[in-house]
Amino acid sequence: MTRTPLVLTLAMALSLTACGTQESTADGAAATPTASAVDESARPAALAVSSEIGELELTTVVTGLAFPWGLAFLPDGRMLVTERIGQLRIATADGTLSAPLAGVPAVVAEGQGGLLDVALSPDFGNDGLVYLSYAEPGEGALAGTAVARGRLQGEALVDVEVIFRQEPKLETRHHFGSRLVFDRDGHLFITMGDRGVRPTAQDLSSHMGTVARVFPDGRVPADNPFVGRDDAQPQTWSYGHRNQQGAALNPWTGALWTHEHGPRGGDEINIPQPGRNYGWPIVTHGINYDGTPIPEAVGREKEGMEPPHHVWEVSPGVSGMAFYDHARVPGWQRSLFIGALATRELIRLQLDGDAIVHEERLLGDLRERIRDVRVGPDGALYLLTDHPEGRILRLAPAGG
């Protein structure tokens, strides 16, 4: 397929404080020692947390993770957790942490790059497949977001294959995204950022700033909105996104929800629709970090571009996303939980249908950058802290 050339402009200088994340270059982080059960006497005591639904209890499940990024629960209750330095581990509820699993692809663990999200195949019970998104090295200094899958066998991934590669690869180390979500029909959604090169998010010949939609083996669904166009990538579902680090499937509607970092202000939630343009950098609620306007921006809205479903004028630095649909905590029903890197807290959004009607901020006193949030099979929330000695935390009603 012939595509129009991608016009790249690198005039914008982004610092690593972009999106409020202050990302560390993880290649200098110390790897965690090989597996052993955590010494219970060294485990931090449970912390009491006040909330609108009553007293909560925050406990540490695992410590010593090097910039943990993504979390997925295995059917037996164990957790797969990625470390941005390029390691995948298995953690248990009693604090046992495995050695790094073999078979993980090589990653570019620089800037905001590294090993990112992890997801299980919808048919994991039969195929044992684990999906990983990561910053993949290319020729020279090039890198790009990629997705690989492999079969979990003991403490290794085997038969690993790359099913998706962002095109083209760039030299920047910013805005790789990326989250992985399967829908009810088995399609895989992949969220990506603009790689710090703003105009790419409006160029359909690239994957930058897009949500991609593929089959589990990487094939392109025939009903994707840009299939057959010579000027567009066929995997693209929606475009005009800045840096998407949260995505989840709404359990009540089956729709994909995503969120993305604005620049200075303008973090937003979207419900991406096929073929729609979500505006970045033409429309935004944010400005440059030095206080100047985004050069391409024409305002907060423009005909033909979708407004955000929800926007924060002051950026929390959003990362990770989980809908709460477990019976354990009735007061959290119809809630959406989101981690915050910049404001260092956990955000709970109360939903009425798709409408966001209330916001609660939790764990602000902890002062931890929350990278990911998941609902565990026990109905508790499990959080990852973004730190060279990162933790898995468990948040649940007191006494449970």
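Please refer to the structure placed before this passage.
Residues numbered from 1 in each chain as written. Predicted model: local features only at pLDDT ≥ 70, side-chain atom pairs only at ≥ 80, totals over all residues. Heavy atoms only, no water.

**Student:** I would appreciate a short explanation of the overall build of the protein in the present structure.
**Tutor:** Counting secondary structure elements, the protein contains one helix and 24 strands. Counting all 400 residues of the protein, 57% fall into the buried class. In the protein, of all internal contacts separated by at least 6 residues, the share reaching a separation of at least 24 is 60%. Accessible surface computed for the protein: about 15000 Å², of which carbon and sulfur atoms make up 50%. (Helix = DSSP H or I, 4+ residues; strand = E, 2+ residues; numbered from the N terminus. Buried < 20%, exposed > 50% of the residue type's maximum accessible area, 1.4 Å probe, protein only. Contact = heavy atoms within 4.5 Å. Areas by Shrake-Rupley, 256 points an atom, 1.4 Å probe, with all protein chains shown as cover.)

**Student:** What should I look at first to understand the environment of isoleucine 287 in this one?
**Tutor:** Structurally, isoleucine 287 can be placed in the loop between β16 (267-270) and β17 (310-312). Note on isoleucine 287: relative accessible area 33%, which makes it partly exposed. Remark: the alpha-carbon pair of isoleucine 287 and glycine 262, spanning 25 residues in sequence, is separated by 8.4 Å. Excluding anything up to four places from it in sequence, isoleucine 287 contacts Pro263, Arg264, Thr292 and Ile294.

**Student:** Hey, could you run me through empty space enclosed by the protein in this one?
**Tutor:** By rolling a water-sized probe across the atoms, one finds the places where empty space is left. All told, the structure shown has two cavities of 30 Å³ or more when counted by the stated rule. One number sums up the size of the largest cavity: a volume of about 60 Å³. Residue lining of the largest cavity: Arg242, Glu260, His261, Gly262, Pro263, Gly266, Glu268, Tyr278, Gly279, Trp280, Val283 and Thr284, and that is the complete set. Tallied by class, the residues present in the lining of the largest cavity amount to four nonpolar, five polar and three charged. The space that makes up the second largest cavity amounts to roughly 50 Å³. In terms of lining residues, the second largest cavity is bounded by Glu268, Tyr278, Val283, Thr284, His285, Arg300, Glu306, Pro307 and Pro308. Residue composition of the lining of the second largest cavity, grouped by class: four nonpolar, two polar and three charged. (1 Å grid on protein atoms, 1.4 Å probe; cavity = no way out; pocket = protein on both sides within 12 Å on 5 of 7 lines; lining within 4 Å. Points joined across faces, edges and corners; volume = space filled by probe spheres on them. Nonpolar A, V, L, I, M, F, W, Y, C, P; charged D, E, K, R; others polar.)

**Student:** In this structure, what is going on with the nonpolar core? I would like to understand it.
**Tutor:** Generally speaking, nonpolar side chains in soluble globular proteins are found buried as a group. Counting 20 residues, the largest nonpolar core has Leu80, Leu88, Val130 and Leu132 as the members making the most contacts within it. Within the residue set of this core, elements represented by two or more residues are β5 (87-91), β6 (115-120), β7 (129-137) and β8 (143-153). In this structure leucine 88 touches Leu80, Val81, Thr82, Ala99, Pro100, Leu101, Val104, Leu115, Val118, Leu132 and Leu157, once residues within four positions along its chain are discounted. If you look at the next biggest cluster of nonpolar residues, it comprises 17 residues, including Ala322, Leu363, Ile370 and Leu383. (Core = buried A, V, L, I, M, F, W, Y, C linked by side-chain atoms within 4.5 Å.)

**Student:** Before we go on, may I ask you to explain the packing of aromatic side chains in this structure?
**Tutor:** The way to describe two aromatic rings as a pair is by their centre distance and the angle between their planes. What the rule picks out here adds up to nine aromatic pairs. Here phenylalanine 73 and tyrosine 382 contribute two aromatic rings whose centre-to-centre distance is 5.1 Å and whose plane-to-plane angle is 75°, an arrangement assigned as edge-to-face. Taken together, the residues span a long stretch of sequence, with phenylalanine 73 in strand β3 (residues 68-73) and tyrosine 382 in strand β23 (residues 381-385) at a distance of 309 residues. Here phenylalanine 73 and tyrosine 382 have matching classes, each one buried. Taken together, the ring pairs connect Trp252, Trp257 and Phe323 into an aromatic cluster. Over the ring of phenylalanine 67 we find arginine 84; its NZ or CZ atom is 5.0 Å from the centre of that ring. (Phe/Tyr/Trp six-rings, centres within 6.5 Å; stacked < 30°, edge-to-face > 60°. Lys NZ or Arg CZ within 6 Å of the ring centre and 35° of its normal.)

**Student:** Could you clarify how one ought to interpret the pattern of salt bridges in this entry?
**Tutor:** Pairs can form between side chains of opposite charge once their charged atoms are near each other. Summed over the entire model, instances satisfying the criterion amount to 25 salt bridges. Across the pair arginine 173 and glutamate 110 runs a salt bridge, and its minimum N-O distance is 2.8 Å. With arginine 173 in the loop between β9 (156-165) and β10 (180-182) and glutamate 110 in the loop between β5 and β6, this pair connects stretches of sequence that are 63 residues apart. Assessed through its relative accessible area of 34%, glutamate 110 is described here as partly exposed. Note that glutamate 313 and arginine 300 form a salt bridge whose closest N and O atoms lie 3.3 Å from each other. On the criterion of sequence distance, the pair formed by glutamate 313 in the loop between β17 and β18 (318-324) and arginine 300 in the loop between β16 and β17 is long-range, its members being 13 residues apart. Connected via shared salt-bridge partners are Asp117, Arg179, Asp372 and Arg374. (Salt bridge = Lys/Arg side-chain N within 4 Å of Asp/Glu carboxyl O.)

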